[in-house]
Amino acid sequence: MDDRANISLADLDREALFHPVSSIHDLQTKGPVIYTGAQGVEVTREGGQTLIDMGAGLWCVNVGYGRPELVAAGAQAMQDLSFQHFFGGASAEPTIRLADRLLGLFNETVPGADMARVFFGCSGSDANDTALKLVIYYNNLRGLPAKKKVISRKGAYHGLTYAAASLTGIEGYHTAFDLPMPGVLHTSCPHHYAFAQDGETEAAFTDRLIVELEEMIAREGADTVAAFIAEPVMGTGGVFLPPAGYFDRVQQVLDRHDILLIADEVITGFGRTGAWFGSETYGIRPDIVSLAKGLTSAYFPMSASIVSRRIWEVLEGASAKMGALMHGFTYSGHPVGAAIAMANLDLMEAEDMPANAARLGPVLLEALRSKVGDHPLVGDIRGVGLMAAVEFVADRATRARLPVGAHKLVAAHAMNQGVLTRALPFLPVTSMSPPLSITEGQIDEATTRYAR
Ligand code: PLP
């Protein structure tokens with residue numbers, strides 16, 4: 001084993017690891033980028049270069065890196081009760097308190113919300129798997145065994161487990177894995193900039209999307225469609241903001257056909273859009289909410305699925321007859337994760353981070369518009385809260401897209417200038433979603449480096 005100590009970390013990585021959502025070929029030839037530390041909004045690379053992390057990891061380090069309050073909460077929780085499972089009725093205080101707090105937070109901030117219970121998991125993908133299984137369970141309990149299909153949207157990103165990757169609406173995640181699985185449909189992407197017809201207003205575009213949704217439901221039969229899943233703002237697909245009135249209209253269609261709405265708030269939860277939840281920003285009344293990322297600011301892998309009272313009443317009502325709910329994970333409700341989530345929420349409240357995101361979102365957009373907005377290859381700059389995108393085009397007038405790949409050069413160049421942005425995998429877009437603790441000065445510095 002000793003001779004392994006002499007091998008460079010990059011070579012060890014090449015010999016021992018394979019990475020998620022990465023090219024095996026590129027890693028074998030170019031090697032990995034190794035990070036050694038992080039503090040505040042900055043990350044440090046092997047060799048000492050520091051970069052402003054305008055991605056907050058993968059849209060997740062909402063309170064910034066190295067916060068001692070979260071470290072202390074995690075250490076104390078590990079000391080007190082390093083693990084407790086929740087199978088068969090076992091429980092623990094941090095998790096109970098977190099569930100209660102999440103319900104309160106969601107119901108108090110999202111108008112019309114009537115959420116009743118919380119289920120915990122470990123990742124955004126498993127939260128969406130849980131949502132899907134609950135939808136199936138719910139309709140089995142209601143005696144509607146044919147009502148099982150789920151409508152997602154092209155361009156959606158819901159994770160990469162077998163079921164979540166099927167919900168994801170980006171072909172690049174499907175083709176090599178024989179996905180999507182049966183029973184998942186994808187309706188059109190509500191991105192006005194790229195998909196509106198010539199001269200089509202946002203309202204007319206929304207009308208067209210709603211007609212399409214209605215037609216899809218009619219074609220499939222409303223008695224076979226169980227749920228519709230949507231990110232309030234589509235993240236990985238391209239930072240697509242919903243057109244005006246979209247969710248209201250979608251909700252009306254779903255209500256008419258007894259179809260549940262799953263809000264995937266894995267990115268938009270916990271302040272990202274300038275409110276606690278994207279459901280508040282866009283007036284969504286979901287039946288199930290998937291949360292992860294900002295729940296612990298990625299200090300611990302943890303997810304939550306919040307279910308509405310109407311679902312809960314069916315689950316509870318049938319429980320004596322059904323027996324145990326046979327779903328869950330070893331780490332569901334992990335008390336260390338829950339304690340960290342509580343400390344994370346304390347910090348977010350103390351520093352009013354959703355308000356910080358609301359205040360600084362326009363600052364970030366204005367900085368991007370003034371520094372790179374005139375570039376002939378920049379087609380669109382958009383965002384909400386601290387979630388922004390620069391979309392590249394070959395021609396600003398026709399909005400013809402640049403081939404995917406060119407924007408990776410932009411992100412690579414930005415990295416050399418000391419700023420991390422995310423080159424999205426299947427669209428010529430670089431996204432920015434910095435920690436919500438970022439300051440105006442840091443936004444100015446990051447966007448200046450990006451524009452260099
Ligand atoms: N849902 C959304 C909206 C996401 O952005 C992501 C991850 O980026 C996921 C689900 C999947 O989360 P995870 O990677 O934790 O499984």
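Position numbers for residues start from 1 in each chain and track the written sequence from start to end. Two thresholds apply to this predicted model, a pLDDT of at least 70 for residue-level local features and 80 or more for giving and counting side-chain atom pairs, whereas whole-chain, interface and lining totals are computed over all residues. With hydrogens and water set aside, each side-chain value is computed from the structure's full complement of heavy atoms.

- The protein is annotated in an unreviewed UniProt entry as Aminotransferase class III-fold pyridoxal phosphate-dependent enzyme from Paracoccus gahaiensis.
- Recorded in UniProt under Sequence similarities (unreviewed entry), the annotation for the protein is "Belongs to the class-III pyridoxal-phosphate-dependent aminotransferase family."
- The record in UniProt for the protein states the following under Cofactor (unreviewed entry): "pyridoxal 5'-phosphate". UniProt positions are given in the numbering used here, feature names are shortened, and annotations may be inferred rather than shown by experiment.

**A few points about the overall build of the protein**
At step 1: Each helix is a run of DSSP H or I of at least 4 residues and each strand a run of E of at least 2, with the numbering of both proceeding from the N terminus. In terms of helices and strands, the protein carries 16 helices and 16 strands.
At step 2: Radius of gyration here uses only the C-alpha atoms, and the compact-globule reference equals 2.2 Å multiplied by the residue count raised to the power 0.38. Here the protein has a C-alpha radius of gyration of 22 Å; the compact-globule value for 452 residues is 22 Å, and the two agree.
At step 3: When its C-alpha atoms are laid out on the principal axes, the protein stretches across 60 × 60 × 45 Å.
At step 4: Burial classes follow relative accessibility: with a 1.4 Å probe on protein chains only, a residue under 20% of its type's maximum area counts as buried, one over 50% as exposed, and anything between as partly exposed. Relative to its full complement of 452 residues, the protein shows a buried share of 52%.

**Some points on the pairing of strand E7 (residues 225–230)**
At step 1: Among the six residues that make up E7, six are buried, leaving the element largely enclosed by the rest of the structure.
At step 2: Note on pairing: two strands pair once DSSP finds at least 2 bridges between them. Across three bridges, strand E5 (residues 149–153) lies against E7 in parallel orientation. Residue Ile-151 lies in a different strand from E7, and its bridge partner there is Phe-228.
At step 3: The pairing of E7 with strand E8 (residues 260–264) spans four bridges and is classified as parallel. Within E8, the position partnered with Ala-227 by the bridge is Leu-260.
At step 4: Since E7 and E8 lie parallel, the crossover through helix H10 (residues 246–256) that links them has a hand, and here it is right-handed. Orient the strands so they point away from the viewer, and a crossover whose first-strand-to-second-strand path over the helix runs clockwise is right-handed.

**Examining the sheet that holds strand E2 (residues 42–45)**
At step 1: Across the sheet, which stays open at both edges, the four strands sit in the order E1-E2-E3-E14 with mixed pairing between neighbours. Of all strands in the sheet, those with a lone pairing partner are strand E1 (35–39) and strand E14 (419–420), marking the two edges.
At step 2: In terms of strand pairing, E1 meets E2 through four bridges, oriented antiparallel. Each bridged residue has a counterpart across the sheet, and for Ala-38 the counterpart in E2 is Val-43.
At step 3: Whether two residues touch is decided by their heavy atoms; if any such pair falls within 4.5 Å, the residues are in contact. Inter-axis angles, ranging from 0 to 180 degrees, are taken between N-to-C directions of lines fitted to C-alpha atoms, where helices are fitted over the stretch in contact. Relative to strand E3 (residues 50–53), helix H16 (residues 440–451) is tilted by about 110°, and along the sheet it contacts E3 and E14.

**A short note on helix H13 (residues 335–350)**
The periodicity of an α-helix, 3.6 residues per turn, causes residues three or four places apart in sequence to face the same way.
At step 1: For H13, spanning 16 residues, the distance from its first C-alpha to its last is 22 Å, which sits close to the expected 22 Å at 1.5 Å a residue.
At step 2: Most of H13 is tucked away: 13 of the 16 residues are buried.
At step 3: Taken from the residues just after H13, Asp-352 is the one with a positive phi, measuring 40°. An expected span of 1.5 Å times one less than the residue number is assigned to each helix.

**Let's talk about the packing of aromatic side chains**
At step 1: We call Phe, Tyr and Trp rings a pair once their centres come within 6.5 Å, taking the six-membered ring for Trp, and we label the pair stacked below 30 degrees between planes, edge-to-face above 60, and tilted otherwise. In total, this model carries six aromatic pairs according to the counting rule given.
At step 2: Taken together, a centroid distance of 6.2 Å and an interplanar angle of 90° make the contact between Phe-83 and Tyr-331 edge-to-face. Of this pair, Phe-83 sits in the loop between helix H4 (68–80) and helix H5 (93–109) while Tyr-331 is found in the loop between helix H12 (309–322) and H13, placing the two residues 248 residues apart along the sequence.
At step 3: Taking relative accessible area as the criterion, Phe-83 reaches 33% and is therefore assigned partly exposed.

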